[in-house]
Amino acid sequence: MTARRTSLLLVAGVLLLSLNLRPAAVSVGPVLGEVRDAFGMSGATAGLLTSLPVLAFALFGALAPTAARVVGVHRVTLLALLVVGGGLLGRSATDSETLFLVLSLLALAGMAMANVLLPSLVKLHFPDRIGAMTAAYTTALAVGLTASLALTVPVAEAAGSWRTGLGVWAVLALLAALPWLGLVAHDRRPPDGPAGRAVRYLDVARTPLGIAMAVFFGLQSLQAYAVFGWFAQLWRDSGWSPTAAGLLVALIAGVSIPLSLWLPRLLASRDNPLGVLLAVIACYPIGYGGMLVAPYSLAPLWAVLVGTAACTFPLILTLVGLRARTAEGTATLSAFTQSAGYLLAALGPFAIGVVHDATGGWDWPVALLLVLSLPLGLLAAYVAKPHAIEDQLDRRTPERVAS
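Calculation notes
- Residues numbered from 1 in each chain as written.
- Predicted model: local features only at pLDDT ≥ 70, side-chain atom pairs only at ≥ 80, totals over all residues.
- Heavy atoms only, no water.
- 1 Å grid on protein atoms, 1.4 Å probe; cavity = no way out; pocket = protein on both sides within 12 Å on 5 of 7 lines; lining within 4 Å.
- Points joined across faces, edges and corners; volume = space filled by probe spheres on them.
- Helix = DSSP H or I, 4+ residues; strand = E, 2+ residues; numbered from the N terminus.
- Nonpolar A, V, L, I, M, F, W, Y, C, P; charged D, E, K, R; others polar.
- Core = buried A, V, L, I, M, F, W, Y, C linked by side-chain atoms within 4.5 Å.
- Buried < 20%, exposed > 50% of the residue type's maximum accessible area, 1.4 Å probe, protein only.
- Contact = heavy atoms within 4.5 Å.
- Disulfide = S-S within 2.5 Å.
- Phe/Tyr/Trp six-rings, centres within 6.5 Å; stacked < 30°, edge-to-face > 60°.
- Polar contact = N/O pair within 3.5 Å; in protein donor to acceptor, adjacent residues only side chain to side chain.
- Patch = residues over 30% accessible without salt bridge, like charges linked within 9 Å, V, L, I, M, F, W, Y side chains within 5 Å.
- Areas by Shrake-Rupley, 256 points an atom, 1.4 Å probe, with all protein chains shown as cover.
- Salt bridge = Lys/Arg side-chain N within 4 Å of Asp/Glu carboxyl O.
- Axes fitted to C-alpha atoms, helices over the stretch in contact; angles between N-to-C directions.
- Parallel < 35°, antiparallel > 145°, perpendicular 65-115°, else oblique.
- Expected span 1.5 Å × (residues − 1).
- Bend = angle between axes of the 7 residues up to and from the residue.
- pLDDT = per-residue confidence, 0-100.

**With respect to empty space enclosed by the protein**
Evaluation of the coordinates by the stated rule reveals two cavities of 30 Å³ or more. What the second largest cavity holds in volume is close to 30 Å³. Lining the second largest cavity are Pro119, Val122, Lys123, Ile130, Thr134, Tyr137, Leu317 and Gly321. Within the residue set of the lining of the second largest cavity, elements represented by two or more residues are helix H6 (97-125), helix H7 (130-159) and helix H15 (312-322). Looking at the lining of the second largest cavity, its residues break down into five nonpolar, two polar and one charged.

**A word on the nonpolar core**
Ranked by size, the top nonpolar core spans 124 residues in total, and within it Phe216, Phe231, Trp235, Leu277 and Tyr288 carry the most contacts. The leading source of residues in this core is H6, at 14 residues. Dropping the residues within four chain positions of it, tyrosine 288 is found in contact with Gln223, Val227, Phe231, Val306, Val366, Leu369 and Leu370.

**Comments concerning the state of the cysteines**
Here is the idea: a disulfide is a covalent bond, and it sits between the sulfur atoms of two cysteines. All chains considered together, the criterion is met by zero disulfides. The thiol sulfur of cysteine 283 is not disulfide-bonded, and the nearest other cysteine sulfur, from cysteine 311, lies at 9.0 Å. By relative accessible area, cysteine 283 is classed as buried at 12%. According to the relative accessible area criterion, cysteine 311 is buried, its value standing at 0%.

**Overview of the packing of aromatic side chains**
Tallying each qualifying case throughout the model produces 13 aromatic pairs. Here the aromatic rings of phenylalanine 217 and tyrosine 342 are separated by 5.0 Å at their centres, their planes lie at 85°, and the arrangement is edge-to-face. Of this pair, phenylalanine 217 sits in helix H10 (residues 208-237) while tyrosine 342 sits in helix H16 (residues 327-345), and the two are 125 residues apart along the sequence. With relative accessibility at 1%, the residue phenylalanine 217 sits in the buried group. With 5.0 Å between their ring centres and 40° between their planes, tryptophan 240 and tyrosine 296 make a pair best called tilted. With tryptophan 240 in the loop between H10 and helix H11 (242-268) and tyrosine 296 in the loop between helix H13 (283-293) and helix H14 (299-309), the pair connects residues that are 56 residues apart, well separated along the chain. Accessibility expressed as a relative area gives 40% for tyrosine 296, which makes it partly exposed.

**Observations regarding the side chain of serine 104**
Relative to the elements of secondary structure, serine 104 occurs in helix H6. On the basis of relative accessibility, which here comes to 1%, the residue serine 104 falls in the buried class. Reaching out from serine 104, the side chain makes a polar contact with the backbone oxygen of phenylalanine 100 at a distance of 2.8 Å. When residues no more than four places from it in sequence are discounted, the contact partners of serine 104 are Leu49, Leu52 and Arg91.

**Focus on the side chain of threonine 312**
On the secondary structure map, threonine 312 appears in helix H15. The buried category is assigned to threonine 312, whose relative accessible area is 1%. Here alanine 309 takes part through its backbone oxygen, which lies 2.6 Å from a polar atom of the side chain of threonine 312. Apart from residues no more than four positions distant in its own chain, threonine 312 is found in contact with Phe216, Gln220, Val280, Ile281 and Tyr284.

**With respect to a nonpolar patch on the surface**
A contiguous nonpolar surface patch, about 430 Å² in accessible area, is contributed by Val70, Val71, Leu79, Leu82 and Leu174. Checked against the element boundaries, valine 70 lands in helix H4 (residues 43-71).

**Details of the packing of H7 against H11**
The N-to-C vectors of H7 and H11 enclose an angle of 170°; their axes lie 7 Å apart at closest approach. One finds that H7 runs roughly antiparallel with respect to H11. Of H11, the residues touching H7 (which contributes Gly131, Ala132, Thr134, Ala135, Ala136, Thr138, Thr139, Ala142, Val143, Leu145, Thr146 and Leu149) are Ala253, Gly254, Ser256, Ile257, Ser260, Leu261, Pro264, Arg265 and Ala268. Looking at the contact of H7 with H11, its residues break down into twelve nonpolar, eight polar and one charged.

**Quick look at H10**
Since there are 3.6 residues in each turn of an α-helix, residues three or four apart along the chain are aligned in direction. Helix length check: H10 (30 residues) gives 42 Å between terminal C-alpha atoms against 44 Å at 1.5 Å per residue, within 8%. The largest bend in H10 amounts to roughly 45° and is located at tryptophan 230. Looking at the residues trailing H10, positive phi occurs at glycine 239, about 125°.

**Some points on the pattern of salt bridges**
Evaluation of the coordinates by the stated rule reveals four salt bridges. With its nearest N and O atoms 3.3 Å apart, the salt bridge here joins aspartate 203 to arginine 206. We classify aspartate 203 as buried; its relative accessible area is 13%. A relative accessible area of 46% means that arginine 206 is categorised as partly exposed.

**Quick notes on the confidence of the model for the protein**
Here the protein shows a mean pLDDT of 88. Residues at 70 or above account for 94%. Overall, residues 190-196 carries pLDDT values under 50, and its contacts beyond four positions in sequence, including any with other chains, amount to 19 contacts. The low-confidence segment residues 398-403, where pLDDT is below 50, has 14 contacts with residues more than four positions distant or belonging to other chains.

**Considerations on the environment of valine 26**
Assignment of secondary structure puts valine 26 in helix H2 (residues 23-26). It is 23 Å that separates the C-alpha atoms of valine 26 and aspartate 237, two residues lying 211 residues apart in sequence. Apart from residues no more than four positions distant in its own chain, valine 26 is found in contact with Leu145, Ser148 and Leu149.

What follows is the structure, encoded as structure tokens:
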């Protein structure tokens, strides 16, 4: 295989992979009512179903670096996509509630592992274009997210079945696997760190940078889960129609598409990216403050601001690639950042629901989100500094060598 063909396959593989990193998680939401009716699903079971993405990100994402070292990063990526496709296809056909949950978890497991490995693949193959490639794949991820939110119901209605609305995303996953069939033949495990040192999950968990990245990722993901889980209802309660409220949430997701194409490249080009981070993060308190003052009349403006702030997500993925020196370091930092971060993020929708029930309104939940957005600025000041996870590992464990 020529170098040019390999490069084209890699770009196609990364972009198609990115399109599949959200449909397994969010496509159920738009047809959850129909799924519950079909299985006679209880509220508790539906709650479990909606919690599976966070559990999968936390558990299976943590296993991804080890799997890549043992099996090969390209092989694991291919297997992850096949698992996503198989899980999505299987759950759309089963008549068993238990099997629906199991197959959903299977699809989410593949998605979670691929999600963690993607920054490592970019670091391995595009070390001098981290900003550009992160911009490309986070834009593709945003397109996949928005499409799965916007198209699942129309596809289901056109086909006359929610099963088709969910199953169609399996086709996209299996299509995305095709470029990786041509890449596994020359698979290699990510090289170890400097001087033969391996970068292990628990080692990263003991470093200040690893902890800061995980908390940063967790707090920004908490915002996203709370927004996508509750803001449609918030805007319905403030006077918008169900359709319009859904479109406002889609606007939040849609704003990230053009910004994800630009912001990671801008961040990667700066010697000090703190200004970029703070400008984006500041849109959270501004947007939430506006919602407290005028939740109905200026809702589209607040949706644009919150959507802009949500672009903290592609920025921290860019930082994952910039805060490690090797592909293996990137994979392990990505694994810890995301798996630990998603556990923190799981508290978001739950806390907002509890506060809403306790207060009977939306002012206090929105105020809580505003307060929780403020530490992002302090964390940004630390993670923006030009240091690498391997440097902190070297200082902590200079005698450690790869086993």
